[in-house]
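What follows is the residue order along each chain.
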Amino acid sequence: MTAPACPGSEPRAVQLLTPWGERIGNTEYDGFTADVTAADLRGLYRDMVLTRRFDAEATSLQRQGELGLWPSLLGQEAAQIGSGRALRDDDYVFTTYREHGVAWCRGVEPAALMAQFRGVDHGGWDPSSNNFHLYTIVIGSQTLHATGYAMGVAKDGADSAVAAYFGDGATSQGDVAEAFTFAAVHNAPVVFFCQNNQWAISEPTEKQTRVPLYQRAQGYGFPGVRVDGNDVLACLAVTKWALERARAGEGPTLVEAYTYRMGAHTTSDDPTRYRGDEERQAWEAKDPILRLRAYLEASNHADDGFFAELEAESEALGKRVREAVRAMPDPDRFAIFENVYADGHALVDEERAQFAAYQASFAKAEGV
């Protein structure tokens with residue numbers, strides 16, 4: 001028996017910039033970018049370029065043994081910068097572990113992000129100073145944190161909103177479903193921002209859902225919208241719209257940013273084992289940075305001097321991040337055994353001794 005076709009299986013995403021950088025009109029969302037100036041456009045471009053630069057530097061540092069792991073955002077810059085710049089200072093953000101562009105928009109120092117992946121700390125920034133929560137490794141759990149925080153915001157009567165970032169793979173987690181239920185029932189001022197980058201590690205989206213992800217919101221009683229996640233203007237406009245709904249007391253919104261993870265899931269992943277080069281090449285043609293650059297050049301909003309200065313700033317940022325990471329202390333390898341139990345534990349003591357012997361074996365092998 002053949003399964004019925006999924007309704008709306010090929011939905012159109014909100015788009016304001018075509019892949020070749022042509023500005024197109026959208027009566028529903030144009031108003032949310034009406035105040036965007038040429039300087040703002042250059043700022044969005046700068047944000048994406050610098051974010052990609054320090055992300056690439058982090059990947060290189062991991063390959064050189066300076067970081068234990070790094071989850072690259074390559075290809076997802078527009079989704080993160082567009083939505084990140086839509087936020088107000090008093091909004092609060094909950095993320096996963098790949099939102100380096102949103103962190104940049106919230107003023108978090110790139111080296112602070114990398115310190116966590118070096119094992120120096122568990123997130124070396126103060127969430128209250130940037131209204132940007134610590135990275136969450138447990139998949140999907142931050143949507144519950146965001147919903148609870150948003151319910152508190154509503155009870156306080158505050159004029160602010162909450163944003164929860166997660167990936168397509170997280171939508172398969174029960175935590176996300178529970179967050180949707182609570183947010184809808186309590187009319188929480190939260191925007192659920194899903195970056196659908198097509199792959200949950202090696203699992204494609206079509207093996208996770210029978211319908212487009214944004215349509216799931218309908219079952220919970222709040223609106224969902226799909227946006228071209230490689231279009232920074234569209235991401236800015238749609239997120240502004242969703243945030244205004246939240247602040248106006250109209251409840252949650254699900255935004256599905258349809259984008260692509262051009263790199264590996266993390267530096268421990270090999271994407272060539274589960275996807276072909278032709279797929280990546282097709283998405284590279286939709287590169288979010290090249291798209292905005294084409295628009296800036298065609299509209300005479302940026303000249304060669306701007307791009308040259310930005311290139312120099314980009315290289316300076318990479319150098320600064322590299323030096324900052326290499327100046328960090330090596331993490332204490334035995335810290336993992338501390339604070340497990342308040343009064344200690346025989347099993348932990350045994351495991352600590354085993355680990356110490358393992359470490360000592362390297363010194364013996366090198367004749368130290």
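Data block above holds the structure.
Now for a look at the structure at hand. Counting starts from 1 at the beginning of each chain's written sequence and moves along it residue by residue. Side-chain atom pairs in this predicted model are given and counted only at pLDDT of 80 or more, local residue features only at pLDDT of at least 70, and totals for whole chains, interfaces and linings cover all residues. To get the side-chain values, all heavy atoms of the structure are used, and hydrogens and water are removed first.

1. Concerning the packing of helix α2 (residues 77-86) against helix α9 (residues 232-247)
Let me state the cut-off plainly: An axis is simply a line fitted to the C-alpha atoms; with a helix, the fit covers only the stretch in contact. Between two such axes, the angle follows the N-to-C directions and lies from 0 to 180 degrees. Helical segments are the DSSP runs of H or I of at least four residues, strand segments are the runs of E of at least two, and each set is numbered from the N terminus. Angle categories are assigned with fixed cut-offs, so that under 35 degrees is roughly parallel, over 145 is roughly antiparallel, 65 to 115 is roughly perpendicular, and the rest are oblique. Two helices cross in a left-handed way if the nearer one is turned anticlockwise from the farther one by less than a right angle. They cross in a right-handed way if the turn is clockwise. For this analysis, residues touch if any pair of their heavy atoms sits within 4.5 Å.
It is at 7 Å that the axes of α2 and α9 come closest, and there the two elements cross at 40°. The angle between the axes of α2 and α9 places the two elements in the oblique class. α9 is crossed by α2, and the crossing has right-handed handedness. Contacts between α2 and α9 involve Ala 78, Ala 79, Ile 81, Gly 82, Ser 83, Arg 85 and Ala 86 from the first element and Val 232, Cys 235, Leu 236, Thr 239, Lys 240, Leu 243 and Arg 247 from the second.

2. A look at the pairing of strand β7 (residues 253-258)
To keep things clear, this is the line we draw: The cut-offs for exposure are 20% and 50% of the maximum accessible area for each residue type, with area from a 1.4 Å probe on protein chains only; residues under the lower value are buried, those over the upper are exposed, and the others partly exposed. A pair of strands is labelled paired if DSSP reports no fewer than 2 bridges between them. By convention a crossover is right-handed if, when the strands point away from the viewer, the path from the first strand over the helix to the second runs clockwise.
Counting buried positions along β7 gives five out of six residues, so the element sits mostly inside the fold. The pairing of strand β3 (residues 190-196) with β7 spans six bridges and is classified as parallel. Each bridged residue has a counterpart across the sheet, and for Phe 193 the counterpart in β7 is Val 255. Where strand β6 (residues 224-228) meets β7, five bridges bridge the pair, whose relative direction is parallel. Across the sheet, Asp 228 pairs through a bridge with Tyr 258, a residue of β7. On the question of chirality, the crossover connecting β6 to the parallel β7 by way of α9 is right-handed.

3. Quick look at the packing of aromatic side chains
Defined as follows: Centres within 6.5 Å make a pair out of two Phe, Tyr or Trp rings, where for Trp the six-membered ring is used; the pair is then stacked when the planes are under 30 degrees apart, edge-to-face when over 60, and tilted otherwise. When the NZ atom of lysine or the CZ atom of arginine is within 6 Å of a ring's centre and also within 35 degrees of its normal, the charge is said to sit over that ring.
The full count for this structure, using the stated rule, is 30 aromatic pairs. Between Tyr 258 and Trp 283, the ring centres sit 5.9 Å apart and the planes meet at 50°, which makes this aromatic pair tilted. Of this pair, Tyr 258 sits in strand β7 while Trp 283 sits in helix α10 (residues 277-284), and the two are 25 residues apart along the sequence. Tyr 258 sits in the partly exposed class, given a relative accessible area of 28%. The rings of Trp 70, Phe 117, Trp 125, Phe 132 and Tyr 135 are connected pair by pair, giving a single aromatic cluster. In this arrangement the basic side chain of Lys 286 is found over the ring face of Trp 283, its NZ or CZ atom lying 4.2 Å from the centre. Taking NZ or CZ as reference, Arg 293 lies 3.8 Å from the ring centre of Phe 307, over its face.

4. Some remarks on the sheet that holds strand β2 (residues 162-167)
What the five strands build is an open sheet, ordered β1-β2-β3-β7-β6; its pairing is parallel. Only two strands of the sheet have a single partner each, and these edge strands are β1 (92-94) and β6. The average angle at which neighbouring strand axes cross in this sheet is 20°, direction not considered. Each of β2, β3 and β7 touches helix α7 (residues 174-185); the most contacted strand, β3, lies at about 150° to it.

5. Thoughts on unusual backbone geometry
Across residues other than glycine, the phi torsion is negative in most instances, and most of the peptide bonds are trans. In this model, Ile 201 sits at a positive phi of 55°, which is unusual for a non-glycine residue. As for its placement among the helices and strands, Ile 201 is situated in the loop between β4 (199-200) and β5 (203-204). In the Ramachandran plot, Asn 339 falls in the positive-phi region, its phi being about 65° despite a non-glycine side chain. Within the secondary structure, Asn 339 is located in the loop between α12 (304-326) and α13 (346-365).

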